[in-house]
Structure formats: C-alpha cells, structure tokens
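Inside the fold
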Amino acid sequence: MPEPEPQPYDPLGPGQNEAIAPTGQGGAMDLALEEAESLEKPLAPGSSGPRERARSLWSDAWHQLRRNPVFIVSALLILFLVVIAVWPQLIASGDPLHCELSKSQQGPAPGHPFGYDTQGCDVYTRTVYGARASITVGICATLGAALLGSALGGLAGFFGGWGDALLSRVADIFFGIPVVLGGLVFLSVVTSTTVWPVVGFIVLLGWPQLARIARGSVITVKQNDYVQAARALGAGNARMLLRHVAPNAVAPVIVVATIALGTYIALEATLSFLGVGLRPPTVSWGIDISNAASQIRNAPHMLLWPAGALSLTVLAFIMLGDAVRDALDPKLR
C-alpha cells in the first residue's frame, strides 16, 4: 500500500495553534496565533502608527507654528498692521494732511484721542496712515533683497569657481559700507518724495547678507545624497537647482528675511528721522518722530504714539522671525 504524500506545512492552517517566525539568528520565535492575526489588522481611522505618512519640512513647520503662541500673537498683529496700511479709512476717517495751527500741540480731545502735533495735525490719523509707508518699505525692500540675494548666492554656491569668489569679494565691499552713512550720502542727492529711493537703497545694502546665507545653505544641500543621486541619473543643473536644491535650501533665507523685515522698517524710520529718507507730504512715523523730538518736554504725546507704533511693528516682525526659525530648525525644538 503506497504511503500518503506529506502535506506542506501551513502555520496558520487548521489544527495549528502557533506560528513559527524566523529570527534571523538560526533559531525560531513562537508567536501566538492571536498575535500573528493582530499584526494583519488595519489601523483604525485617525490613529497614529507606522502607516502614518511622514510630514515634510514645511508641513511639520506649520504644525509647530500653529501651536506657538508667539507666532499667533505676532501674526495677528502683523495682519492688523497690513490691513490698516491698505485700508487706513477703516479706523481713521480724518485727513492726515489736514492741520489747524490753532490746535498746535494740544492734548487729547473728543474724536482726537492722541492730540495734535506742532502743525495742528491729528496725531491719531497720522499714526494710522504712517503704517502704509513703513509696511510698504519693509515688505518691498525685503522681497527685493531676498530675491536678489537668493539668486546670486544660490548660483554662486551651486556652481562655485570664479563666480563664487567674485560674489564673495563684492559682498565684502558692501558689508564695509556703514548703513546710516551710506544712506546719508546716497539719499541726500535724491529729490523724490516716494518710497522707492529708500527701497532701492535698502535692497542695495541688504542683499549681501541674504546672498551669504543662501550660498552657505546651497553648498550644504548640494552635498546630500539625493542631489548626488539626481546627478548620477543624468539630471541637468537647472533641474537639480530648481527641483532638489532650492526647495531644501530656502528655509534659512526665509528666517533671516523675516527678521530683517523689521530691521528695514526701523532703518526707514531712522533715515526719515535724519531727513534723508521719506519726505513730506508722505506720512511716515520717522517724519513724525523727527518733528516731535524737539517738543518732547512740552508735548510728549507727539512722540509717544508714532514711536510706540514703530516699536510694536518692529517687535512683531522680529517675534515672527524667531517663531519661524524655531519651527524650521529641528535643533531648537
């Protein structure tokens, strides 16, 4: 009588009460059948586990920012400042250029909570309208310096060679120019009353800092394995720079630019205070501070409100930059 053929062993078949899993060390590890079945069960909706998709740098940064009270407070304050810079009529119905000399240096009055300046202009209205010039200068100068500095610094760091050396030497020259002294020389010959000469000067002296940050970040990123793998697969320089290097090197530039925005607003006010920045009839916090400086003992309210608005705006942008830096740098968490 022929012997029956042996059946293949099925660890989960009927009559088996355990499953054998190799350990990789020459032995075996017994898993209870219930535990083996539980490993195959799908995760419940909304639960975290090994199947959860990893967050990218930007999504992880946004996840951190939403839980940072410093970011929330500074972002709300900046949003309010931007809104009143675009639509100052929302909270100020008067004309910032309408003045009555009979009310010169008078204190707060009904409908005029901040009082009047030397020319009899409403300090409250001028403080509200002054946000437009300062925010415009800060945002436009930051965008210009960031774009120019990132482009030059990124190209120099990616390609290296004589272009990198030339950019470094040119940046060193601009670093050696004192900002205030350069503003006095450059803007003293400009007769325009718009914000664009001030924006151009700040971009001219602000791009080297961001170029150096972008250069160092690109040099670090281009040495990573995924960039080398893309090069080995035949990717061109333009594709590697735009697809792999730039998205991963832009974070430090954003952090520095955000903090620099507040510095540029303070620089505009300083130049306007010295008489070479924005000029009347443009309404600026720096101009109002300059006019009120000589009357600080007789009418301190003329200086208090525009100076307080300027300080609060600069502080808001610096706080925002610190929060963004903490979110984008895992070492600071």
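1. Focus on the environment of Ile-84
- Within the fold, Ile-84 resides in helix H3 (residues 69-86).
- Overall, Ile-84 belongs to the buried group, its relative accessible area being 8%.
- When the C-alpha positions of Ile-84 and Arg-132 are compared, they lie 7.5 Å apart, and in sequence the two are 48 residues distant.
- Those residues in contact with Ile-84, other than ones at most four positions away along the chain, are Ile-91, Val-128 and Ala-131.

2. Comments concerning the packing of aromatic side chains
- Counted according to the given criterion, the structure contains six aromatic pairs.
- Judged by centre distance (5.7 Å) and plane angle (25°), the rings of Phe-186 and Phe-201 are stacked. With Phe-186 in helix H6 (residues 179-187) and Phe-201 in helix H7 (residues 196-221), this residue pair connects regions lying 15 residues apart in the sequence.
- Here a set of aromatic residues connected by ring pairs shows up, and it is made of Phe-114, Tyr-124 and Trp-305.

3. A few points about unusual backbone geometry
- Omega for the bond connecting Pro-280 with Pro-281 falls within 30 degrees of zero, at 15°, which places this linkage in the cis form.
- Relative to the assigned elements, Pro-281 resides in the loop between helix H10 (251-273) and helix H11 (285-293).
- Notably, Gln-105 is not glycine yet its phi reads approximately 60°, a positive angle.

4. Some points on the environment of Leu-205
- The topology assignment puts Leu-205 in helix H7.
- In this structure Leu-205 comes out as buried when scored by relative accessible area, which is 17%.
- Discounting chain neighbours no more than four positions away, the residues touching Leu-205 are Phe-174, Ile-177 and Val-179.

5. Observations regarding the state of the cysteines
- Summed over the entire model, instances satisfying the criterion amount to one disulfide.
- The partner cysteine of Cys-99 in its disulfide is Cys-121, sulfur to sulfur 1.6 Å. On the S-S bond that ties Cys-99 to Cys-121, the torsion sits near 65°, and the link is right-handed. One end of the pair, Cys-99, is in the loop between H3 and helix H4 (123-159); the other, Cys-121, is in the loop between H3 and H4, and 22 residues separate them in sequence.
- Exposure remark for Cys-99: the relative accessible area of 31% places this residue in the partly exposed category.
- By relative accessible area, Cys-121 is classed as buried at 3%.

6. Some words on the packing of H4 against helix H12 (residues 301-328)
- Interaxial distance between H4 and H12 falls to 10 Å at its minimum, and their mutual angle equals 35°. Crossing angle aside, the handedness with which H4 passes H12 is right-handed. Across from Val-123, Thr-127 and Ile-135 in H4, the residues of H12 making contact are His-301, Trp-305, Pro-306, Ala-309, Thr-313 and Phe-317.
- When the residues that make up the contact of H4 with H12 are grouped by side-chain class, the tally is six nonpolar, three polar and no charged.

7. Observations concerning helix H9 (residues 237-249)
- When the terminal C-alpha atoms of H9 are compared, their 15 Å separation across 13 residues is substantially less than the 18 Å that a helix rising 1.5 Å per residue should span.
- On its buried face, H9 sits against H4, H7, helix H8 (225-232) and H10.

8. Quick notes on a nonpolar patch on the surface
- A grouping of Val-179, Val-180, Leu-181, Leu-184, Val-185, Phe-273 and Leu-274 is seen on the molecular surface, where their side chains present a nonpolar patch of about 550 Å² in accessible area.
- Ranked by the residues each element gives to the nonpolar patch, the list is headed by H6, at five residues.
- Summarising the element assignment, Leu-184 is placed in helix H6.
- Given a relative accessible area of 33%, Leu-184 falls into the partly exposed group.

9. A word on the nonpolar core
- In this structure, Ile-135, Ile-265, Leu-310, Phe-317 and Leu-328 are the most contacted members of the largest nonpolar core, which totals 30 residues.
- Residue assignment for this core shows that the elements contributing at least two residues are helix H2 (57-65), H3, H4, H10, H11 and H12.
- Leaving out residues up to four positions away in the same chain, Ile-265 has contacts with Ser-134, Ile-135, Gly-138, Leu-310, Thr-313, Val-314 and Phe-317.
- With 25 residues, the next largest nonpolar core counts Ala-141, Phe-201, Ala-214 and Ile-287 among its residues.

What counts, and where the lines are drawn
- Residues numbered from 1 in each chain as written.
- Predicted model: local features only at pLDDT ≥ 70, side-chain atom pairs only at ≥ 80, totals over all residues.
- Heavy atoms only, no water.
- Helix = DSSP H or I, 4+ residues; strand = E, 2+ residues; numbered from the N terminus.
- Buried < 20%, exposed > 50% of the residue type's maximum accessible area, 1.4 Å probe, protein only.
- Contact = heavy atoms within 4.5 Å.
- Phe/Tyr/Trp six-rings, centres within 6.5 Å; stacked < 30°, edge-to-face > 60°.
- Disulfide = S-S within 2.5 Å.
- Axes fitted to C-alpha atoms, helices over the stretch in contact; angles between N-to-C directions.
- Left-handed = near helix turned anticlockwise from the far one by under 90°.
- Nonpolar A, V, L, I, M, F, W, Y, C, P; charged D, E, K, R; others polar.
- Expected span 1.5 Å × (residues − 1).
- Patch = residues over 30% accessible without salt bridge, like charges linked within 9 Å, V, L, I, M, F, W, Y side chains within 5 Å.
- Areas by Shrake-Rupley, 256 points an atom, 1.4 Å probe, with all protein chains shown as cover.
- Salt bridge = Lys/Arg side-chain N within 4 Å of Asp/Glu carboxyl O.
- Core = buried A, V, L, I, M, F, W, Y, C linked by side-chain atoms within 4.5 Å.

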